[in-house]
Number of protein chains: 2
Amino acid sequence: MQVRLGRRVFEENDRIAEDLRLRFRELGVSVVNIMGSPGAGKTSLLEKTLQKLNGTCRAGVIEGDIATSLDAERIARLGTPVVQINTGGKCHLDAAMINKALHDLDVSALDLLLIENVGNLVCPVQFDLGEDRKIIVCSLPEGDDKIAKYPAAFSAASAVVLNKLDLLPYLPFDCDGFRQSLRTLNSEAPLFELSCKSGEGVDEWTEWLSRTNPRIA
Amino acid sequence: MQVRLGRRVFEENDRIAEDLRLRFRELGVSVVNIMGSPGAGKTSLLEKTLQKLNGTCRAGVIEGDIATSLDAERIARLGTPVVQINTGGKCHLDAAMINKALHDLDVSALDLLLIENVGNLVCPVQFDLGEDRKIIVCSLPEGDDKIAKYPAAFSAASAVVLNKLDLLPYLPFDCDGFRQSLRTLNSEAPLFELSCKSGEGVDEWTEWLSRTNPRIA
């Protein structure tokens with residue numbers, strides 16, 4: 001019963017996500033679903049990315065959080081159109097929430113839509129949002145064993161961002177081991193080692209984002 | 001339908017958890033459910049705690065992870081009885097999983113059972129495991145906004161551990177703001193600011209754990 005209902009929930013989500021995907025393609029907007037643990041630096045990555053892409057494309061953001069509009073306020077300060085979704089306890093965004101958020105965001109005026117999911121390295125990856133690419137953001141302080149321990153998230157990623165590189169001198173983090181784990185699990189996904197604080201490595205990430213999203217000039 | 005089934009899942013879990021709670025009480029074992037984001041330092045806290053409590057009580061551990069037995073191997077190295085649960089994708093431990101794990105752990109020979117939940121600041125708190133106390137572990141690099149953004153977890157906590165205090169010089173973390181957020185949301189829960197790396201603050205935490213678990217000498 002639980003399994004049957006679970007399947008129905010995913011089927012319903014996939015149906016709405018497919019409609020969203022068609023709509024995004026018709027409008028010519030690239031959509032990126034950004035996932036990671038609480039505090040990995042997803043909003044900081046968005047801030048840095050929007051600053052770097054400034055003038056190259058029309059970007060918009062959907063922020064997903066259980067509570068508060070703290071993240072949307074940070075994005076709004078950059079002058080980027082943003083909608084905050086509060087899931088009210090739910091551990092992930094789903095396609096119906098995105099559909100509803102689009103009432104408050106003119107997606108036809110965008111080239112790139114960046115969706116920041118709820119901070120959670122497990123559940124969000126199971127819910128298709130109609131995106132073109134899933135990105136996993138993790139950070140050095142989380143430890144070098146995260147790929148082995150959360151394989152579904154890292155398997156599904158089109159790219160992985162390893163943030164907080166500035167903390168490397170103070171942490172026992174095995175960079176080579178982390179790279180090797182990713183190569184073994186998901187040999188396709190490029191890895192961007194960067195620091196949103198210092199700015200190191202951010203250019204390589206935004207160059208990849210531009211290259212893989214042809215509407216960015 | 002989804003809501004009705006959801007409720008049934010929780011009711012079934014609560015029923016098994018109540019049975020576990022009775023059994024733990026009859027056997028005189030204190031049970032602590034440790035939750036937090038991936039990489040907050042839950043296993044490191046267990047290691048430090050077991051080293052400090054060494055000789056004061058008979059402790060055992062249940063490790064919950066989606067995949068791998070890395071954490072159980074770390075605990076086993078200390079000579080502590082440990083059982084690894086792999087949830088195979090599930091985002092939380094539930095009471096039935098604990099019930100099953102007890103086939104491989106002689107809980108009647110323990111004074112203290114420490115359960116490390118799946119790394120996830122959202123879902124685990126919804127599932128009663130028959131524990132006496134829920135502990136939330138978070139860490140400085142996750143940021144000082146986590147209490148406001150994940151209120152259910154911090155509301156349910158009997159105590160909060162703020163780990164990785166050694167990284168304070170390198171991070172923009174507002175300790176006073178974090179303390180104030182916790183006081184506002186959950187005025188009962190003591191806050192232990194510590195570093196599992198340097199050992200700073202760990203004694204205050206283990207003293208509280210001993211004081212609140214009378215079977216520890």
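Before any of the text, the structure's been laid out above.
Heads up: these notes are all about the structure in this document. Everything quoted here is computed from the prediction, not taken from an experiment.

Helices and strands together make up the secondary structure of chain A, namely 8 helices and 7 strands. The C-alpha radius of gyration of chain A comes to 17 Å, within 12% of the 17 Å expected for a compact globule of 217 residues. Taking all 217 residues of chain A together, the buried fraction comes to 58%. In chain A, once contacts between residues fewer than 6 apart in sequence are set aside, the share between residues at least 24 apart is 72%. If you sum the accessible surface of chain A, you get close to 8,800 Å²; carbon and sulfur atoms cover 49% of it. For chain A, the distance from the average position of its 25 positive side-chain charges to the average position of its 31 negative side-chain charges is 3 Å.

With that out of the way, let us pick up the packing of aromatic side chains. Across all of its chains, the model carries 11 aromatic pairs over all chains by this definition. Relative to Trp208(A), the ring of Trp205(A) has its centre 5.9 Å away and its plane inclined at 25 degrees; by these criteria the two rings are stacked. Of this pair, Trp205(A) and Trp208(A) both sit in helix α8 (residues 202–211), separated by 3 residues, roughly a single helical turn. A residue is classified by how much of its surface remains accessible, and Trp205(A), at 1% relative accessible area, is buried. For the pair Phe10(B) and Phe127(B), a centre-to-centre distance of 5.1 Å together with 45 degrees between the ring planes defines the contact as tilted. Here Phe10(B) is found in helix α1 (residues 2–27), whereas its partner Phe127(B) is found in the loop between β4 (112–116) and β5 (133–139), with 117 residues between them in sequence. A relative accessible area of 8% means that Phe127(B) is categorised as buried. Pairwise contacts between aromatic rings join Phe192(A), Trp205(A) and Trp208(A) into one cluster.

What counts, and where the lines are drawn
Residues numbered from 1 in each chain as written. Chains lettered and ligands numbered in written order. Predicted model: local features only at pLDDT ≥ 70, side-chain atom pairs only at ≥ 80, totals over all residues. Heavy atoms only, no water. Helix = DSSP H or I, 4+ residues; strand = E, 2+ residues; numbered from the N terminus. Rg over C-alpha atoms; globule rule 2.2 N^0.38 Å. Buried < 20%, exposed > 50% of the residue type's maximum accessible area, 1.4 Å probe, protein only. Contact = heavy atoms within 4.5 Å. Areas by Shrake-Rupley, 256 points an atom, 1.4 Å probe, with all protein chains shown as cover. Lys, Arg positive; Asp, Glu negative; His and termini not counted. Charge placed at Lys NZ, Arg CZ, Asp CG, Glu CD. Phe/Tyr/Trp six-rings, centres within 6.5 Å; stacked < 30°, edge-to-face > 60°.

That is the geometry; function is a separate question.
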